Amino acid sequence: MADAGALFLSLKLAGLTTLVLLLLGLPLAWWLARNRHPVRALIEAVVALPLVLPPTVLGFYLLVAFSPTGSVGHWIAALGGPPLVFSFTGLVVGSCLYSLPFMVQPLQTQFAALDRRSLEAAATLGAAPLDRFFSVILPQSRGGLLTACVLTFAHTLGEFGVVLMIGGNIPGQTRVASIAIFDQVEGLNYAAANHLSLILLGVSFGLLLAVYLLKRRWSEAMS
Amino acid sequence: MTLDFAIRLRQGNFQLEAVGQVPRGGITALIGPSGAGKSTLLRVLAGLETRATGHIRLGDETWLSAEQQVPAHRRRVGLVFQDGALLPHLTVAGNLDYALKRAQKPRLARNEAISLTGIRNLLEQRPSQLSGGQRQRVALARSLVTDASVLLLDEPLSALDQQARQPLIAILRQLPTRVGIPVLYVSHSLEEVGLLADHALLIEAGRICASGGLRPLLTDLEQSQARLPHALTPIDGSIRSHDVADGLTAIAWGRETLWIPRVGGEPGDGVRLLLHARDLSLALERPSDSSILNSVPVQVLDWYDHGNGQCTVRLETETGALLARITRRSARLLDLHPGQLLFALIKSVALPEMPVED
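### Quick notes on the overall build of chain B
Consideration 1: Tallying secondary structure elements over chain B gives nine helices and 19 strands in all.
Consideration 2: Relative to the globule expectation of 21 Å for 358 residues, the C-alpha radius of gyration of chain B, 22 Å, shows essentially globular dimensions.
Consideration 3: Its C-alpha atoms give chain B principal-axis dimensions of about 65 × 50 × 35 Å.
Consideration 4: Within chain B, the proportion of its 358 residues that are buried is 53%.
Consideration 5: By element, 47% of the accessible surface of chain B is carried by carbon and sulfur atoms, the whole surface being about 15500 Å².
Consideration 6: Computed over 38 positive and 37 negative side-chain charges, the inter-centroid distance for chain B is 7 Å.

### A look at the overall build of chain A
Consideration 1: Across its full length, chain A carries 11 helices and zero strands.
Consideration 2: Element order for chain A, N to C, with α for helix and β for strand: α-α-α-α-α-α-α-α-α-α-α.
Consideration 3: Counting over 223 residues, chain A shows a buried share of 43%.
Consideration 4: Partitioning the contacts of chain A with sequence separation of at least 6, the portion at a separation of at least 24 is 72%.
Consideration 5: Accessible area for chain A stands at about 11300 Å²; split by element, carbon and sulfur atoms hold 71% of it.
Consideration 6: Distance from the positive charge centre (12 side chains) to the negative charge centre (9 side chains) of chain A: 11 Å.

### Focus on the packing of aromatic side chains
Consideration 1: Within this structure, the stated rule accounts for four aromatic pairs over all chains.
Consideration 2: Judged by centre distance (5.4 Å) and plane angle (85 degrees), the rings of A:Phe133 and A:Phe134 are edge-to-face.
Consideration 3: For A:Phe133, a relative accessible area of 19% translates into the label buried.
Consideration 4: The lysine or arginine in question, A:Lys12, covers the ring of A:Phe88, its NZ or CZ lying 4.5 Å from the ring centre.
Consideration 5: In this structure, B:Arg227 is placed above the aromatic ring of B:Tyr304, and the distance from its NZ or CZ to the ring centre is 4.0 Å.

### What about the domain arrangement of chain B?
All names here are of chain B.
Consideration 1: Examined at the domain level, chain B breaks down into domain 1 (3-220) and domain 2 (233-355).
Consideration 2: For domain 1 versus domain 2, the distance between C-alpha centres works out to 32 Å.
Consideration 3: Interface of domain 1 and domain 2: buried area, both sides summed, is about 1200 Å²; carbon and sulfur atoms make up 54% of it.
Consideration 4: It is Leu195, Arg215 and Thr219 in domain 1 that bury the most area against domain 2; as a group they hold 53% of the surface buried on that side.
Consideration 5: Here Arg272 makes a salt bridge to Asp198, at a shortest N to O gap of 3.2 Å.
Consideration 6: Our count for the domain 1 to domain 2 interface comes out at seven residue pairs in polar contact (both at pLDDT 80 or more).
Consideration 7: Only α5 (162-179), α6 (190-196) and α7 (214-218) provide two or more residues apiece to the side of domain 1 that touches domain 2.
Consideration 8: Ranked by residue count, the leading element in the side of domain 1 that touches domain 2 is α6, at five residues.
Consideration 9: Of the residues belonging to the side of domain 1 that touches domain 2, the class tally is six nonpolar, three polar and four charged.

### What about the pattern of salt bridges?
Should their charged atoms come close, side chains of opposite charge can pair.
Consideration 1: One pass over the full model with this rule turns up 18 salt bridges over all chains.
Consideration 2: Between A:Asp131 and B:Arg102 there is a salt bridge, with the nearest N and O atoms lying 2.6 Å from each other. Of this pair, A:Asp131 sits in helix α7 (residues 129-140) while B:Arg102 sits in the loop between α2 (92-101) and α3 (110-117), each in a different chain.
Consideration 3: In this structure A:Asp131 comes out as partly exposed when scored by relative accessible area, which is 25%.
Consideration 4: Linking B:Asp305 and B:Arg328 is a salt bridge whose minimum nitrogen-to-oxygen distance equals 3.0 Å. On the criterion of sequence distance, the pair formed by B:Asp305 in strand β16 (residues 294-305) and B:Arg328 in helix α9 (residues 328-334) is long-range, its members being 23 residues apart.
Consideration 5: Connected through shared salt-bridge partners, A:Arg116, A:Glu120, B:Arg43 and B:Glu49 make up one network.

### Brief notes about a nonpolar patch on the surface
Consideration 1: A grouping of A:Val57, A:Phe60, A:Tyr61 and A:Val64 is seen on the molecular surface, where their side chains present a nonpolar patch of about 370 Å² in accessible area.
Consideration 2: Looking at the element boundaries, A:Tyr61 is found in helix α3 (residues 55-66).

### A word on the sheet that holds strand β18 (residues 320-327) of chain B
Residues and elements named next belong to chain B.
Consideration 1: Pairing within the open sheet is antiparallel, and its five strands lie in the order β15-β19-β16-β17-β18. Where the open sheet ends on each side, the last strands, each with one partner, are β15 (280-283) and β18. Going across the sheet, the axis of each strand differs from the next one's by a mean of 45 degrees, ignoring polarity.
Consideration 2: Where strand β17 (residues 310-317) lies against β18, eight bridges are found, and the strand directions are antiparallel. Following the sheet pairing, Arg314 is matched in β18 by Leu323.

### A closer look at the packing of helix α1 (residues 4-34) of chain A against helix α10 (residues 177-186) of chain A
Axis angle and axis distance: for two packed helices, these are the angle between their axes and the distance between the axes, and together they describe the pair.
Consideration 1: One way to put it is that α1(A) packs onto α10(A) with a least axis distance of 7 Å and a crossing angle of 145 degrees. Residues A:Ala6, A:Leu7 and A:Ser10 of α1(A) touch α10(A), and the partners they reach there are A:Ala177, A:Ser178 and A:Ala180.

### Some words on the nonpolar core
All names here are of chain B.
Consideration 1: If you look at the biggest cluster of nonpolar residues, it comprises 94 residues, and the most contacted ones within it are Ile31, Leu153 and Leu175.
Consideration 2: Sequence-distant contacts of Leu175, that is, excluding residues within four places in its chain, are made with Leu116, Leu140, Leu144, Leu151, Leu153 and Gly180.
Consideration 3: Of all hydrophobic cores here, the second largest spans 35 residues; its members include Leu45, Ala72, Val150 and Ile208.

### As for the interface of chain B and chain A
Consideration 1: With 22 residues of chain B in contact, the opposing surface of chain A contributes 22 residues.
Consideration 2: Regarding the contact of chain B and chain A, the summed buried area is about 1900 Å², with carbon and sulfur atoms giving 59% of it.
Consideration 3: Ionic pairing is found between A:Arg117 and B:Asp83, a salt bridge with its closest N-O pair at 3.9 Å.
Consideration 4: Run the count over chain B and chain A and you get five residue pairs in polar contact (both at pLDDT 80 or more).
Consideration 5: Every element with two or more residues in the side of chain B that touches chain A is listed here: α1 (38-46), β6 (77-80) and α2 of chain B.
Consideration 6: Among the residues forming the side of chain B that touches chain A, the class breakdown is 12 nonpolar, five polar and five charged.

### Description of the state of the cysteines
Residues and elements named next belong to chain A.
Consideration 1: Evaluation of the coordinates by the stated rule reveals zero disulfides over all chains.
Consideration 2: Residue Cys149 stays outside any disulfide, its sulfur separated by 12 Å from that of Cys96, the closest cysteine.
Consideration 3: We classify Cys149 as buried; its relative accessible area is 19%.

Definitions and limits used
- Residues numbered from 1 in each chain as written.
- Chains lettered and ligands numbered in written order.
- Predicted model: local features only at pLDDT ≥ 70, side-chain atom pairs only at ≥ 80, totals over all residues.
- Heavy atoms only, no water.
- Helix = DSSP H or I, 4+ residues; strand = E, 2+ residues; numbered from the N terminus.
- Rg over C-alpha atoms; globule rule 2.2 N^0.38 Å.
- Buried < 20%, exposed > 50% of the residue type's maximum accessible area, 1.4 Å probe, protein only.
- Areas by Shrake-Rupley, 256 points an atom, 1.4 Å probe, with all protein chains shown as cover.
- Lys, Arg positive; Asp, Glu negative; His and termini not counted.
- Charge placed at Lys NZ, Arg CZ, Asp CG, Glu CD.
- Contact = heavy atoms within 4.5 Å.
- Phe/Tyr/Trp six-rings, centres within 6.5 Å; stacked < 30°, edge-to-face > 60°.
- Lys NZ or Arg CZ within 6 Å of the ring centre and 35° of its normal.
- Domains from an automatic or database assignment.
- Buried area = accessible area lost by both parts, 1.4 Å probe.
- Salt bridge = Lys/Arg side-chain N within 4 Å of Asp/Glu carboxyl O.
- Polar contact = N/O pair within 3.5 Å; in protein donor to acceptor, adjacent residues only side chain to side chain.
- Nonpolar A, V, L, I, M, F, W, Y, C, P; charged D, E, K, R; others polar.
- Patch = residues over 30% accessible without salt bridge, like charges linked within 9 Å, V, L, I, M, F, W, Y side chains within 5 Å.
- Pairing = 2+ DSSP bridges.
- Axes fitted to C-alpha atoms, helices over the stretch in contact; angles between N-to-C directions.
- Core = buried A, V, L, I, M, F, W, Y, C linked by side-chain atoms within 4.5 Å.
- Disulfide = S-S within 2.5 Å.

Put into structure tokens, the structure is as follows:
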């Protein structure tokens, strides 16, 4: 199948983005949930921006910034980094920005709802801060973690505008499934477009269904 | 080993400035009205309030000083929260093992803690499936399988009904001999404290205003506890004999004998009894024709006039002070004066455990 590569690239992009965002999102969400610093509102607004911004707007500015003469691209190139425009690396960076709220917001909500007593009890039982993170916070936050990861993954899978602006349509590099579908429709290959669309629909629905079923089971176990 | 502290903490309008000691051997009660800073003091001792200044020392170990602040997880404190604070994502066994895994030398072995608190049949349950009393017993067991060198109990009975309290009180009474470390017990209930504690710290508006033996403090008319309508005197006696036919137990109390509703235990066993000030009356002579079984000779020390027709009188007995609440008219009729020899008639006695029924 001609579009297997595009599908694989989409999955790879979504997987990598989820991983990177998980590492960045955990500390950021923790900070946002636990801090009353005035800067918090500013950061919350920035994090939520991709929710309301047209993807083309975000993509446009990323394109300007990432280009070899742009502010970010210039420095990356000077430091010997990879090109960020029309490259897979650029897609990962763009997707991370675009999907940021989908990772941070569920985690932040979850962390804010955590019982402070549990953490204090764990401390008096001899658990150091990092130990508490892994033995209390993570297990008690698994619902929020799962939601955040799956939403990020599914949202990146369906990304189009940002990819089109900064990635273009290079097979094996930036031609992800959503671009391939658009391409097939442009070429009036409705059967191929339908094929790929059905797969994306199925994967997304399957993921979300699994999340809601799991969360239901977990909340029954906890209460 | 003694827990020593002199701490200062400001929280909004509230200022905690507490100096005191928690000795080993017996339970030390931290008594005071709500809002006096009892829980805050406990949290400072446990290391959960990190903005406190001053010093905290346990034996030769320093937990807080101008130079250092030992974080909560290295303080070797067993803390039982008001609501137990069990980890909801773990079973009862999981909660115990969580503590055990992080302890080098657990105060009690897993099995000892389980049998002391009677939670063996709860091990596979989740915290959400437990009743309030069960939760507190698990929390207590969990605090005993840590490296704890001091035990801090934050009103562990306050959320429980009377029926759930009894078994916990019986367990708590065994604590000092079982663990041999300082135990600080926060409560606003005189009855609870009277049954459990041996020493006390009185706290008011963030300050420790008095400390010492429980009985002298609870009967000190300078302190508000002694002036409460439900003021009481804790006394320690031992079982002399049982009278099965009459359903009574004779308690040796100094040279006196008190008859109380039958309790469990062997002759020689110690018993803590509570004498409520309102259950005592005073007479010039020992009555011989009364339904009241117990009377003891006392000497008047001083009294406090409540201004509402009531007086609380502090009396000296062979074993220590005793409070009686009488009307001002009675005081006048008795011609109450310091040094006067009277008899205290004890109408009823509050017991630590349920009377035996047979």
